[in-house]
Amino acid sequence: MNSTMSESPHKEAYAQLAELELEFDQAETELLKHQIRLFTPLYTRRSAVLSTIPTFWPMIFENFGPEIDEHISAEDWAFLGENLISLDIHRPDPEMAPRNFDIVFGFKEGNGVIKGTELRKRFVYKSLRDGDERWTGLVSEPVTVEWVNEEKDLTVGINALAAKIFEIRKARTQKKIEEKKKPGYKPPKPVKPEELEADEDGLAEFELELEEKLNQYQSFFNWFSWCGEYFMVMEKEAEKTEKSKEREEKAEEEEEEAPEFDGIDVFPNGEKIAYLFAEDMYPNALKHFGELPAWNLPIPSIPSPV
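With respect to the nonpolar core
- Membership of the largest hydrophobic core comes to 44 residues, with the highest contact counts inside it found for Trp 57, Ile 103, Phe 105, Phe 221, Trp 223 and Phe 277.
- Examining the composition of this core, we find that 6 residues originate from one element, helix α9 (residues 270–281), more than from any other.

A short note on the packing of aromatic side chains
- One pass over the structure, following the stated rule, counts 28 aromatic pairs.
- Plain terms: the ring middles of Phe 61 and Phe 277 are 5.8 Å apart, the flat faces sit at 40° to each other, and that makes the pair tilted. Here Phe 277 lies in helix α9 and Phe 61 lies in helix α2 (residues 56–63), a separation of 216 residues in the sequence. For the residue pair Phe 61 and Phe 277, the accessibility class agrees, reading buried in each case.
- Seen from their ring centres, Trp 223 and Phe 224 are 5.1 Å apart, and the 75° between their planes marks the pair as edge-to-face.
- We classify Trp 223 as buried; its relative accessible area is 0%.
- A residue is classified by how much of its surface remains accessible, and Phe 224, at 0% relative accessible area, is buried.
- Positioned over the ring face of Tyr 125 is Arg 99, at 5.1 Å from the centre of the ring.

With respect to a nonpolar patch on the surface
- A cluster of nonpolar residues, Leu 17, Leu 20 and Phe 24, forms a patch on the protein surface that exposes about 320 Å² of accessible area.
- Among the secondary structure elements, Leu 17 is positioned in helix α1 (residues 11–50).

Regarding the confidence of the model for the protein
- Averaged over the protein, the pLDDT score is 85; the fraction of residues at 70 or greater is 80%.
- Within the protein, strand β2 (residues 101–107) carries the highest mean pLDDT (98), whereas helix α8 (residues 245–250) carries the lowest (50).
- Residue range residues 1–6 is modelled with pLDDT below 50. Its contacts to residues more than four positions away, or to other chains, number 12 contacts.

Section: the pattern of salt bridges
- Summed over all chains, the structure comprises 17 salt bridges.
- Residue Arg 122 is joined to Asp 102 by a salt bridge in which the shortest nitrogen-to-oxygen separation is 2.7 Å. One end of the pair, Arg 122, is in strand β3 (residues 118–130); the other, Asp 102, is in strand β2, with 20 residues separating them in the sequence.
- For Asp 102, a relative accessible area of 0% translates into the label buried.
- Between Arg 169 and Glu 207 there is a salt bridge, with the nearest N and O atoms lying 3.0 Å from each other. Taken together, the residues Arg 169 in helix α5 (residues 158–181) and Glu 207 in helix α6 (residues 203–216) connect sequence positions 38 residues apart. Of the two residues, Arg 169 and Glu 207, both sit in the buried class.
- Overlapping salt bridges bring together Asp 25, Glu 28, Arg 99 and Arg 134 as one network.

Parameters at a glance
Residues numbered from 1 in each chain as written. Predicted model: local features only at pLDDT ≥ 70, side-chain atom pairs only at ≥ 80, totals over all residues. Heavy atoms only, no water. Core = buried A, V, L, I, M, F, W, Y, C linked by side-chain atoms within 4.5 Å. Buried < 20%, exposed > 50% of the residue type's maximum accessible area, 1.4 Å probe, protein only. Helix = DSSP H or I, 4+ residues; strand = E, 2+ residues; numbered from the N terminus. Phe/Tyr/Trp six-rings, centres within 6.5 Å; stacked < 30°, edge-to-face > 60°. Lys NZ or Arg CZ within 6 Å of the ring centre and 35° of its normal. Patch = residues over 30% accessible without salt bridge, like charges linked within 9 Å, V, L, I, M, F, W, Y side chains within 5 Å. Areas by Shrake-Rupley, 256 points an atom, 1.4 Å probe, with all protein chains shown as cover. Salt bridge = Lys/Arg side-chain N within 4 Å of Asp/Glu carboxyl O. pLDDT = per-residue confidence, 0-100. Contact = heavy atoms within 4.5 Å.

As structure tokens, this is what we get:
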């Protein structure tokens, strides 16, 4: 939808379609809850069986296709092929927020690269509405990978640098939200990037370093630093919560302020990769597995609850 719809002779019909869209979304959510209840115990049983096949998940990654393969470096393959032992999709709150999910990677203990045996990244589904316009998508906080030592860091420092930048931007966004709550707040005039002075928190310098590293090094593990439009959502949700009647009455008089820039995209298509794991690789794992039983019986996949 776009803003011209509000001026259309079919305005009432568009409004009805918007309401129907919300009802469809609610129905899909209820269906998703039911699927999760049905499939979760089946996935648990499947995981127990797959744990007896050490090469299962490395084989899945190898045979999945270019959507994943193009993001995995030779160094990533060397590590994943020897040490990846499990992949799970966990729903932290299937009844209240069924579209949210964790992607959990399990690794061999003492793998020599990553401390511990698990990397878990959480994805939160957000739906924002402003008049006729609607935004939906996933956001996530960066996961700081604990490498055995600096030399073993498969991201060559990108992961740690992205986490540092995220915390700076989060603090800036929170400060901006608090400023907006003050009486008489007026949005600052837009400033071009080249006119910005050196920042006290070092953000510009960190982002320049990150950009230089990304131009030289690519790793699948950069994906753990992806956050999507986290700060845009953070601001919009705060505005919705804090918006007072007085601000609503003066909304037309105020200049629209752009939300906080979400920074450099550490991993393009990060959301797409998350859905590939949750909707395809994980539920259809048996279909992707290259080593079928000798009797060649067809192995049904379990429908995705996403």
